[in-house]
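Below, each chain spelled out in residue letters.
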Amino acid sequence: MSLPSINPTKTEAWKALEKHFQQIESQEMQQVFLENPNRAERFKIEWQDFYVDYSKNRITEKTISLLFKLAEEVKLKEAITQQFSGEKINETENRAVLHTALRDFDNMKPEVKAALQKIKLFSEKIISGNHKGYTGKAITDIVNIGIGGSHLGPEMVTEALQFYRNHIKIHFIANIDGDDVTEKLNKLNPETTLFIVVSKSFTTQETIANASVVREWFLKKGAENDIQKHFVAVSANEKGAKEFGISEDNIFPMQDWVGGRFSLWSSVGLSVCCAVGFKNFEELLKGAFEMDNHFKKEDFEKNIPVVLALLSIWYNNFFKAESEAVVAYSQYLNKLVPYLQQAVMESNGKSVDRNGEKVNYQTGTIVWGNVGSNSQHAYFQLLHQGTKLIPTDFIGFSEPLHDNIENHNILMANFFAQTEALCEGTYNKKVENPFKYFEGNKPTNTILIKKLTPKNLGSLIALYEHKLFVQGIIWNIFSFDQWGVELGKTIAKGTLATIEKREPSAIVSASTQQLINKFLELKS
Ligand code: F6P
């Protein structure tokens, strides 16, 4: 069965939200809090180790109930069931969307179990030192060669779980930038390095080119038949991986029904597993599984991904906010934003609806941000006093992982102070100097989590996966394809041929032709 395809702007709820927006557009949260001190109690969700406060939003009871009505009218509940039951909701690619099946501990598919077993055994051999390189030495370094979903998830998680890591050092080669590849290889010893070539398609230009460069580098010291000790692949394209020279035993599977940007839970997480051990990897999966159950079963009123998605729609489509920020108060989460950028923007950056019609409303939130407190000393000025409305998620942890309580208290004092300053501004204070005036009334969500454990990290990532799913359903777009990345790839083949043959006249665009002419002139 196809996903429902309902134009959200034609629903009763949307029309009511438009009217409602006009009534509360100028409402000040500061005043609303004064009138209702219970607001913080009312607009919060407690779930496992998570405490989500969404009281600092420009909403009333009515806003929330209309947003839930919108979710009902676009048949969100039915869409959630369709996703989890494996229907082919990625219609433009005729695929199911089942990354949740990779962590479904209640009903695990045999192929998922087998893949997990394979990465468990392999990672144990690497960590114990039983897997030897071609000179008999244990592996000390792992390089994940992959890009997009085959890079961002593993890198974000290995960074985030640094506290749980063992002695194996993990590196990432993603960019086709040859200087970066050389810099990384210069620090590595082929005798003790394992390369994991990660590519669902095994056709991605950057990954195949980089893997070939790395293989050449390796063969300067090692021999052809040493490759199997140092190169493994993670791919859905077994044939492609074999043609590259990777033996069948060294190929870890990926499924057709897992999109690249949702694949860190699959064999794509092999580098994570080697870095933190299988037990921690499994905990990560369990955390995501718990969030899946919460999303699937909880009423919308208490459903964290649903509530956060609806609030985001409220700002994007009614307040016309152009972007939203995510600020995690943990250096461990410094790669969270690039990860979310692919997940959210590759999924929902679409302008054709599920009926094939061009949409006449805004979709696709722009996500940006960085870690706190660093961000306070960079772009927070704009959040506080700029002209743009930028709803922001603040993510923080009650407990630090090491014992520096003093620093952690300062970190978290800033975390709480910023959401308060954004909301309250200088309301009710006499400010003579206009440059020191703060309007306040800036919306934030506070996601307070007990501790950064593998399990809680899994839940946090799954929360954002489900949030973007809800938004795609409401916007009536297909969130699980990415046709938008194809045109550039095709043109790049032509520009590369032009550069190699030094024949810019073959280029259609006069501007590009002139640029390539200049490029060739400058480099020679
Ligand atoms: O170019 C976009 C994309 O297709 C992403 O969706 C994907 O995560 C990335 O490229 C890498 O793809 P692959 O894993 O097939 O190399």
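S.K.: It is not clear to me how the side chain of S312 should be interpreted in this structure. Could you clarify?
M.R.: With respect to the secondary-structure elements, S312 resides in helix α14 (residues 304–318). A distance of 2.7 Å separates a polar atom in the side chain of S312 from a polar atom in the side chain of Q471. Once residues within four sequence positions are removed from consideration, S312 is found in contact with E324, T365, K467 and Q471.

S.K.: Please explain the domain arrangement of the protein as it appears in this structure.
M.R.: How big an interface is tends to be reported as the loss of accessible area on association of its parts. On domain assignment, one finds that the protein holds domain 1 (8–96 + 284–427 + 435–481), domain 2 (104–276) and domain 3 (484–523). The distance between the C-alpha centroids of domain 1 and domain 3 comes to 41 Å.

S.K.: Is there a simple way to think about a negative patch on the surface in this case?
M.R.: Where like charges cluster on the molecular surface, the negative patch consists of E72, E78, D299 and E301. When you line up the elements, E72 lands in helix α4 (residues 61–73). Under the relative-accessibility criterion, E72 is labelled exposed at 60%.

S.K.: Explanation requested: the sheet that holds strand β9 (residues 366–368) in the structure shown.
M.R.: Sheet architecture is open: 6 strands sit in the order β1-β2-β11-β10-β8-β9, paired in mixed fashion. Whereas interior strands pair on both sides, the edge strands pair on one side only; in this sheet they are β1 (44–47) and β9. The mean inter-strand angle of the sheet, taken between neighbouring strand axes irrespective of direction, is 15°. When strand β2 (residues 50–53) meets strand β11 (residues 444–451), the two strands line up antiparallel, connected through 4 bridges. Bridged to V52 within β11 is I447.

S.K.: Explanation requested: the pattern of salt bridges in the structure shown.
M.R.: Under the criterion given, the structure shown has 22 salt bridges. Residues K120 and E124 are paired through a salt bridge, measuring 3.2 Å at the closest nitrogen-oxygen approach. Pair noted here: K120 and E124 are both in helix α6 (residues 110–128), with a separation of 4 residues, about one helical turn. Overall, K120 belongs to the partly exposed group, its relative accessible area being 26%. E486 is the salt-bridge partner of K489, the closest N and O atoms lying 3.6 Å from each other.

S.K.: Explain the state of the cysteines to me, please; I cannot follow it from the model alone.
M.R.: By definition, a disulfide links the sulfur atoms of two cysteine residues through a covalent bond. Going through the model one piece at a time under the given rule, you end up with 0 disulfides. In this structure C273 is not part of a disulfide, and its nearest cysteine sulfur, from C274, lies 6.2 Å away. Owing to a relative accessible area of 0%, C274 belongs among the buried residues under this scheme.

S.K.: Honestly, unusual backbone geometry in this entry has me stumped. Any pointers?
M.R.: Most peptide bonds take the trans form, and the phi angle of most residues other than glycine is negative. Note that the residue after G372, namely S373, is joined by a cis bond; omega there is 5°. One can find S373 in the loop between β9 and α16 (380–385). A positive phi angle, close to 55°, is found at F202, a residue other than glycine. Mapped onto the elements of the fold, F202 is located in the loop between β5 (193–198) and α9 (205–219). One non-glycine residue, N441, lies in positive phi territory at about 65°. Tracing the backbone through its elements, the reader meets N441 in the loop between α17 (405–424) and β11. Accessibility expressed as a relative area gives 7% for N441, which makes it buried.

S.K.: Is there a simple way to explain the sheet that holds strand β6 (residues 231–235) in this structure?
M.R.: Note on sheets: strands pair through backbone hydrogen bonds, and any given pair is parallel or antiparallel. An order of β4-β3-β5-β6-β7 is seen for the 5 strands of this open sheet, with the pairing classed as parallel. The strands lining the two open edges of the sheet, one partner per strand, are β4 (169–173) and β7 (251–253). With strand direction ignored, the average angle separating the axes of adjacent strands in the sheet is 20°. Relative to β6, β5 is paired through 4 bridges, and the arrangement is parallel. In the sheet register, F195 faces β6, and the bridge partner there is F231. In the packing of α6 onto the sheet, the strands contacted are β3 (141–145), β5, β6 and β7, and the crossing angle to β7 comes to about 140°.

S.K.: Is there a simple way to explain the site of the ligand in this structure?
M.R.: Contacts to the ligand come from 14 residues, most closely from S150, S199, S201, T204 and E346. Here K200 contributes a backbone N or O atom positioned 2.8 Å from an oxygen atom of the ligand. Side-chain polar atom of T204 to an oxygen atom of the ligand: 2.5 Å apart, as the coordinates give it. Taken together, the residues of the shell around the ligand sort by class into 2 nonpolar, 9 polar and 3 charged.

S.K.: Whenever I open this one, the packing of helix α5 (residues 76–84) against helix α18 (residues 454–475) confuses me. Can you help?
M.R.: Helix-helix packing is characterised by the crossing angle of the two axes and by the distance between the axes. At a closest axis distance of 10 Å, the pairing of α5 and α18 adopts a crossing angle of 125°. In terms of orientation, α5 lies oblique with respect to α18. The interaxial crossing formed by α5 with α18 has right-handed handedness. Counting all contacts with α5, which are made through L76, A79, I80, Q83 and F84, the residues of α18 involved are H466, F469, V470 and I473. Taken together, the residues of the contact of α5 with α18 break down into 7 nonpolar, 2 polar and no charged.

Quick notes on the rules
Residues numbered from 1 in each chain as written. Predicted model: local features only at pLDDT ≥ 70, side-chain atom pairs only at ≥ 80, totals over all residues. Heavy atoms only, no water. Helix = DSSP H or I, 4+ residues; strand = E, 2+ residues; numbered from the N terminus. Polar contact = N/O pair within 3.5 Å; in protein donor to acceptor, adjacent residues only side chain to side chain. Contact = heavy atoms within 4.5 Å. Domains from an automatic or database assignment. Patch = residues over 30% accessible without salt bridge, like charges linked within 9 Å, V, L, I, M, F, W, Y side chains within 5 Å. Areas by Shrake-Rupley, 256 points an atom, 1.4 Å probe, with all protein chains shown as cover. Salt bridge = Lys/Arg side-chain N within 4 Å of Asp/Glu carboxyl O. Lys, Arg positive; Asp, Glu negative; His and termini not counted. Charge placed at Lys NZ, Arg CZ, Asp CG, Glu CD. Buried < 20%, exposed > 50% of the residue type's maximum accessible area, 1.4 Å probe, protein only. Pairing = 2+ DSSP bridges. Axes fitted to C-alpha atoms, helices over the stretch in contact; angles between N-to-C directions. Disulfide = S-S within 2.5 Å. Near = heavy atom within 4 Å. Nonpolar A, V, L, I, M, F, W, Y, C, P; charged D, E, K, R; others polar. Parallel < 35°, antiparallel > 145°, perpendicular 65-115°, else oblique. Left-handed = near helix turned anticlockwise from the far one by under 90°.

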